[in-house]
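# Structural characterization, general
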Amino acid sequence: AQTVTQSQPEMSVQEAETVTLSCTYDTSESDYYLFWYKQPPSRQMILVIRQEAYKQQNATENRFSVNFQKAAKSFSLKISDSQLGDAAMYFCAYRDLERKYGNKLVFGAGTILRVKS
Amino acid sequence: DVKVTQSSRYLVKRTGEKVFLECVQDMDHENMFWYRQDPGLGLRLIYFSYDVKMKEKGDIPEGYSVSREKKERFSLILESASTNQTSMYLCASSVGSVSGNTIYFGEGSWLTVV
């Protein structure tokens, strides 16, 4: 079964600085998707960024970028120019391409990001 | 905007009660999911459905059942609530069978079983 591991329960960053959240995963599949979701105190899950495993180029969305290392099964999230609104729980998630799994997301335990002003 | 609505945000139920958590999506999505979220464990899949009347067990289905009689509605049922089911429950939906499609989440239902 696929598993996702986030080894950092909490991280802190100073406003305007850069922070990297770590994620590793385990799968025997070669094609899949990886995601980072943000969950602010409102509890509404928000998609931050998505990476297709077959793409070598790392995904980027404004201040958010990933470092995808397929061989190492690593998928870290870098947040540049951190803002107070970035404070939230961040979840790394994996999704198979195979319909037999119902396209479900497998989540890590989450990392709480605190932003200091 | 896609909207996934969970009708009850906060519930307090007694041990042994039957509990219904309702979820409605307004975008004609085929897939619907129920997750529970617990500190240090992330989100764990309870059940999912990829069509009306179709359901599949997730990773932690014990003590739960689901119902999907209409495409837009997916209900989670706790037949006999227990204190270890105190948690936050998240409903989600997505289009069809393409894995890259975004999954949309509701705002969550906080359930306390006393």
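Now for a quick tour of the structure. Everything numeric in this text was worked out from a predicted model, so none of it was measured.

## Concerning the state of the cysteines
All names here are of chain A. All told, the structure shown has two disulfides over all chains when counted by the stated rule. One disulfide in the model links Cys-23 with Cys-92; its S-S distance is 2.0 Å. Given an S-S torsion of about -70°, the disulfide between Cys-23 and Cys-92 has left-handed geometry. With a gap of 69 residues between them, Cys-23 in the loop between strand S3 (19-21) and strand S4 (24-26) and Cys-92 in strand S10 (residues 88-96) connect regions that are remote in the sequence. Cys-92 carries the same exposure label as Cys-23, and that label is buried.

## Remarks on the packing of aromatic side chains
In this structure the tally under the stated criterion is 16 aromatic pairs over all chains. Taken together, the ring pairs in this structure connect A:Tyr33, A:Phe35, A:Tyr37, A:Phe91, A:Phe107, B:Phe33, B:Tyr35, B:Phe48 and B:Phe105 into an aromatic cluster.

## Notes on the sheet that holds strand S1 (residues 4-6) of chain B
Residues and elements named next belong to chain B. Taking strand neighbours across the sheet as the criterion, the four strands line up as S1-S3-S8-S7 in an open arrangement whose pairing is antiparallel. In this open sheet, the two strands that pair with only one neighbour each are S1 and strand S7 (65-70). The average undirected angle you get between the axes of adjacent strands in this sheet is 20°. Summarising the sheet, S1 and strand S3 (residues 19-25) pair through three bridges and their orientation is antiparallel. By the bridge assignment for S3, Thr-5 is matched with Val-24.

## Regarding unusual backbone geometry
Positive phi outside glycine occurs at A:Asp81, with the angle close to 50°. With respect to the secondary-structure elements, A:Asp81 resides in the loop between strand S9 (74-79) and S10. Here A:Asp81 falls in the partly exposed class, since its relative accessible area comes to 42%. Despite not being glycine, B:Asp28 shows a phi value in the positive range, around 60°. Among the secondary structure elements, B:Asp28 is positioned in the loop between S3 and strand S4 (31-38). For B:Asp28, a relative accessible area of 53% puts it in the exposed group.

## As for the environment of A:Met89
All names here are of chain A. Within the secondary structure layout, Met-89 lies in strand S10. Each C-alpha atom, one on Met-89 and one on Phe-68, is 20 Å from the other, the two residues being 21 residues apart in sequence. In contact with Met-89, other than residues within four places in its own chain, are Tyr-37, Lys-38, Gln-39, Gly-110, Thr-111 and Ile-112.

## Considering the interface of chain B and chain A
Taken together, the 28 residues of chain B in the interface contact 24 residues of chain A. Counting the surface lost from both chain B and chain A, the interface buries some 2,100 Å², and carbon and sulfur atoms represent 51% of this. Linking chain B with chain A are zero salt bridges. Here chain B and chain A share five residue pairs in polar contact (both at pLDDT 80 or more) between them. Counting only elements with at least two residues in the side of chain B that touches chain A, the list comes to S4, strand S5 (42-49) and strand S9 (87-94) of chain B.

Rules used throughout
Residues numbered from 1 in each chain as written. Chains lettered and ligands numbered in written order. Predicted model: local features only at pLDDT ≥ 70, side-chain atom pairs only at ≥ 80, totals over all residues. Heavy atoms only, no water. Disulfide = S-S within 2.5 Å. Helix = DSSP H or I, 4+ residues; strand = E, 2+ residues; numbered from the N terminus. Buried < 20%, exposed > 50% of the residue type's maximum accessible area, 1.4 Å probe, protein only. Phe/Tyr/Trp six-rings, centres within 6.5 Å; stacked < 30°, edge-to-face > 60°. Pairing = 2+ DSSP bridges. Axes fitted to C-alpha atoms, helices over the stretch in contact; angles between N-to-C directions. Contact = heavy atoms within 4.5 Å. Buried area = accessible area lost by both parts, 1.4 Å probe. Salt bridge = Lys/Arg side-chain N within 4 Å of Asp/Glu carboxyl O. Polar contact = N/O pair within 3.5 Å; in protein donor to acceptor, adjacent residues only side chain to side chain.

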